[in-house]
Amino acid sequence: MRVRTEWKPSYRCKCIDGPPSGWDTDWFYHLPFPLMSVEWLDVSVAQQTAHVPPRIIDHSAWIEELLTRIGLDFQKGTQMIRIFGYSPKSLDLFDRDIVH
């Protein structure tokens, strides 16, 4: 995500020892390092444009392709993709409270 220049998706995460984070777009400094504590990471797949009226661009295809190539366990929803870090897989808050 860090190398993308035209659009970076919003994300939020939940570590095993804390509450879910708020939505963020800073892929350099706000990720929960070390990532080994991440229970799940939600990635928004929708970009809302500044057009009038606004348009929604679905970025799920390239995000799914990237996650599949890397070999991460994920589930696609209607507005986001959840990447799982631990089992059992938690779907708490999945596909809710999305920020574009």
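Conventions and cut-offs
Residues numbered from 1 in each chain as written. Predicted model: local features only at pLDDT ≥ 70, side-chain atom pairs only at ≥ 80, totals over all residues. Heavy atoms only, no water. Phe/Tyr/Trp six-rings, centres within 6.5 Å; stacked < 30°, edge-to-face > 60°. Helix = DSSP H or I, 4+ residues; strand = E, 2+ residues; numbered from the N terminus. Buried < 20%, exposed > 50% of the residue type's maximum accessible area, 1.4 Å probe, protein only. Core = buried A, V, L, I, M, F, W, Y, C linked by side-chain atoms within 4.5 Å. Pairing = 2+ DSSP bridges. Axes fitted to C-alpha atoms, helices over the stretch in contact; angles between N-to-C directions. 1 Å grid on protein atoms, 1.4 Å probe; cavity = no way out; pocket = protein on both sides within 12 Å on 5 of 7 lines; lining within 4 Å. Points joined across faces, edges and corners; volume = space filled by probe spheres on them. Nonpolar A, V, L, I, M, F, W, Y, C, P; charged D, E, K, R; others polar. Polar contact = N/O pair within 3.5 Å; in protein donor to acceptor, adjacent residues only side chain to side chain.

Engineer: Before we move on, can you summarise the packing of aromatic side chains with the specific residues and values?
Structural biologist: One pass over the structure, following the stated rule, counts 2 aromatic pairs. Relative to W27, the ring of Y11 lies with its centre 4.5 Å away and its plane at 50 degrees, an arrangement referred to as tilted. Highlighted residues: Y11 in strand β1 (residues 11-15) and W27 in the loop between β1 and β2 (38-44), separated in sequence by 16 residues. Centre to centre, the rings of F28 and Y29 are 6.3 Å apart; their planes meet at 40 degrees, and the pair counts as tilted. Y29 gets classed as exposed once you look at its relative accessible area, which sits at 69%.

Engineer: Would you mind going over the nonpolar core in detail, with residue names and values included?
Structural biologist: One finds L41, V43 and I63 to be the most contacted residues of the largest nonpolar core, which totals 13 residues. At the level of secondary structure, the elements contributing two or more residues to this core comprise β1, β2, α1 (60-70) and β6 (80-84).

Engineer: Would you mind going over the sheet that holds strand β5 (residues 74-76) in detail, with residue names and values included?
Structural biologist: Note on sheets: strands pair through backbone hydrogen bonds, and any given pair is parallel or antiparallel. Read from one edge of the open sheet, 4 strands run β1-β2-β6-β5, paired in antiparallel fashion. Each having just a single partner strand, β1 and β5 make up the two edges of the open sheet. Neighbour-to-neighbour, the strand axes of the sheet open up by a mean angle of 15 degrees, direction not taken into account.

Engineer: Can you explain the layout of surface pockets? Please cite residues and give values.
Structural biologist: Where empty space is left can be seen by rolling a probe of water-molecule size over the atoms. Within this model, the largest pocket holds a volume of roughly 410 Å³. Lining the largest pocket are 17 residues, and of these W27, L35, L41, L72 and I83 lie nearest its centre. Looking at the lining of the largest pocket residue by residue, the classes come out as 15 nonpolar, 1 polar and 1 charged.

Engineer: Go over the side chain of S44 with me, naming the residues and quoting the values.
Structural biologist: With respect to the helices and strands, the residue S44 is situated in strand β2. Within the structure, the side chain of S44 is placed 3.4 Å from the backbone oxygen of A46, a separation counted as a polar contact.

These figures come from the coordinates and say nothing about function on their own.
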